[in-house]
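Each chain, letter by letter, is given below.
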Amino acid sequence: MSKEESLVGAHTSIAGSVFNSINEATSLEANCFQIFTANQRQWRAKPISAVDAKKFLQLKKDAKIKKTVSHNNYLINLGSPKKDALEISKKAFLEEIERCHSLEIDYLVFHPGSALTSTQDECLDTIADSILSFEKAVKKGKTRLLLETTAGQGTNVGYKFEHLAYIIKKVKDKIPIGVCLDTCHIFAAGYDIRDKKGFVKVFDEFAKIIGMKNLYAFHINDSKVDLGSRRDRHESLGKGKIGLECFKCLMQEKTFNNMPKILETPNEEIWRDEIQLLKNFSELKK
Ligand SMILES: [Zn+2]
Ligand SMILES: [Zn+2]
């Protein structure tokens, strides 16, 4: 493997055991991967045992995996206006951080939150306060928290770069923070990345509003729905409304090489081919 090889992988399954994710990544020829560290639709989760953590880290090393990413539980809403829901979300997120630390996960990706009955501004402030409450916990390990760009479905915040920039500004002095950019989500949110010109314009905007130093990872998905439709529907690469040009541009940007690019496309059967396609893009001449 050359030093320059771009990091590409997929969201692998922990069904049966957390180790299965590594076997799956190996069979996909991935050099990074994303997992849920527990069932993503339940509040109750077990901590990772020391024995399992040790085995996971050894297998990860043997498989030459360069970066690992975790995605948080779908039930968590760090911006909830409801006191009880917010408390249970914060508790569950703290447990997410602990599991990530046990497995030495590089990045914990999370959906910022939903405003529900509150305003967007109130929601963004609640999210920032929630994140700040994790200060002591995050310092116990190496995991960086990554806000995910969203499609803006329902009352979700995070579909404008300004939302993420606002949260980052409020927490960055105390929390290791950053962004995971999901190509499907930003397209559905209205950022047109379909061709080279659009791609460059959107990333210039990202640089200006959020800052490139805050970008750490990608979710690589095409979109079933049109530009600006504010719905989150992933599609296989080249089979959706975004098309392949965007992914070619992304893979050719050398500054993205070291950032994990995680497939969350719907057809797992072709992940191996999609990973190969992306790797080939990165080797094309500009
Ligand atoms: Zn995503
Ligand atoms: Zn999505």
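What counts, and at which threshold
- Residues numbered from 1 in each chain as written.
- Chains lettered and ligands numbered in written order.
- Predicted model: local features only at pLDDT ≥ 70, side-chain atom pairs only at ≥ 80, totals over all residues.
- Heavy atoms only, no water.
- Helix = DSSP H or I, 4+ residues; strand = E, 2+ residues; numbered from the N terminus.
- Buried < 20%, exposed > 50% of the residue type's maximum accessible area, 1.4 Å probe, protein only.
- Contact = heavy atoms within 4.5 Å.
- Core = buried A, V, L, I, M, F, W, Y, C linked by side-chain atoms within 4.5 Å.
- Donors = N, O, S within 2.8 Å, 3.2 Å for Na, K, Ca; no water.
- Tetrahedral: all angles 85-135°; square planar, octahedral: opposite > 155°, others 65-115°.
- Salt bridge = Lys/Arg side-chain N within 4 Å of Asp/Glu carboxyl O.
- Pairing = 2+ DSSP bridges.
- Axes fitted to C-alpha atoms, helices over the stretch in contact; angles between N-to-C directions.
- Phe/Tyr/Trp six-rings, centres within 6.5 Å; stacked < 30°, edge-to-face > 60°.

Q: Could you clarify how one ought to interpret the side chain of Gln34 in this entry?
A: Secondary-structure assignment places Gln34 in strand S2 (residues 32–35). For Gln34, a relative accessible area of 0% corresponds to the buried category. The residues contacting Gln34, other than those within four sequence positions of it, are Ala10, His11, Thr12, Val69, Ser70, His71, Val109, His219, Ile262 and Glu264.

Q: Please clarify how the nonpolar core should be interpreted in this entry.
A: Across soluble globular proteins, nonpolar side chains have a tendency to be buried as a group. Counting residues in each nonpolar core, the largest one holds 73 residues, and the members touching the most others are Phe93, Ile131, Leu145, Phe218 and Leu278. Counting residues per element, this core draws most heavily on helix H6 (residues 161–171), which supplies six residues. With residues up to four places along the chain from it excluded, the contact list for Ile131 reads Leu78, Phe110, Leu145, Leu147, Ile167, Val171, Ile175 and Ile177. Membership of the second largest hydrophobic core comes to ten residues, among which are Cys32, Val109, Cys180 and Tyr216.

Q: Sorry if this is basic, but what is going on with the coordination of the zinc ion (ligand 2) here?
A: For a metal bound by four donors in a tetrahedral arrangement, the ideal donor-metal-donor angle is 109.5 degrees, while six donors in an octahedral arrangement ideally sit at 90 or 180 degrees. Around the zinc ion (ligand 2), the donor atoms from the protein are His185 (NE2), Asp232 (OD), Asp232 (OD) and His234 (NE2), and they sit 2.0 to 2.4 Å away. Between the four donor atoms coordinating the zinc ion (ligand 2), the angles at the centre fall across 55 to 136 degrees, so the site counts as irregular. Between the two metals, the zinc ion (ligand 2) and the zinc ion (ligand 1), the spacing is 4.2 Å. Taken together, the residues span a long stretch of sequence, with His185 in helix H7 (residues 183–188) and His234 in strand S9 (residues 234–235) at a distance of 49 residues. Each member of the pair, His185 as well as His234, carries the same accessibility label: buried.

Q: Please explain the pattern of salt bridges as it appears in this structure.
A: Between side chains of opposite charge, pairing is possible as soon as their charged atoms come close. Counted by the stated rule, this structure contains nine salt bridges. Between Lys91 and Glu95 there is a salt bridge, and its shortest N-O distance comes to 3.2 Å. With Lys91 and Glu95 both in helix H3 (residues 83–102), this residue pair falls four residues apart, about one helical turn. You can call Lys91 exposed: its relative accessible area is 54%. Notably, a salt bridge pairs Lys170 with Asp125, separated by 2.7 Å at the nearest N-O pair. Taken as a pair, Lys170 in helix H6 and Asp125 in helix H4 (residues 120–132) lie far apart in primary sequence, 45 residues in all.

Q: Whenever I open this one, the coordination of the zinc ion (ligand 1) confuses me. Can you help?
A: Donor atoms from the polypeptide that bind the zinc ion (ligand 1) are Glu148 (OE), Asp182 (OD), His219 (ND1) and Glu264 (OE), placed at 2.1 to 2.3 Å. For the zinc ion (ligand 1), the four donor atoms in the first shell make angles of 83 to 173 degrees at the metal, a pattern classed as irregular. One chain supplies every donor to the zinc ion (ligand 1), and in sequence these donors are spaced E-x33-D-x36-H-x44-E. On the basis of relative accessibility, which here comes to 15%, the residue Glu264 falls in the buried class.

Q: What am I meant to see in the sheet that holds strand S7 (residues 215–220) here?
A: In any sheet, the strands associate via hydrogen bonds between backbone groups, in a parallel or an antiparallel arrangement. Spatially, the eight strands close up into a barrel ordered S1-S2-S3-S4-S5-S6-S7-S10, and their pairing is parallel. Across the sheet, the axes of successive neighbouring strands diverge by a mean angle of 30 degrees, strand direction being ignored. As paired strands, strand S5 (residues 144–148) and strand S6 (residues 177–182) are joined by four bridges and run parallel to one another. Opposite Leu147, over in S6, you have Val179 as the bridge partner.

Q: Mind showing me how you'd approach the packing of aromatic side chains here?
A: Two measures describe an aromatic ring pair: the distance that separates the ring centres and the angle between the ring planes. On inspection of all chains with the given rule, the structure shows twelve aromatic pairs. Relative to Phe110, the ring of Phe93 has its centre 5.0 Å away and its plane inclined at 75 degrees; by these criteria the two rings are edge-to-face. Residue Phe93 is found in helix H3, and its partner Phe110 is found in strand S4 (residues 107–110); the two are separated by 17 residues along the sequence. A residue is classified by how much of its surface remains accessible, and Phe93, at 0% relative accessible area, is buried. Overall, Phe110 belongs to the buried group, its relative accessible area being 0%.

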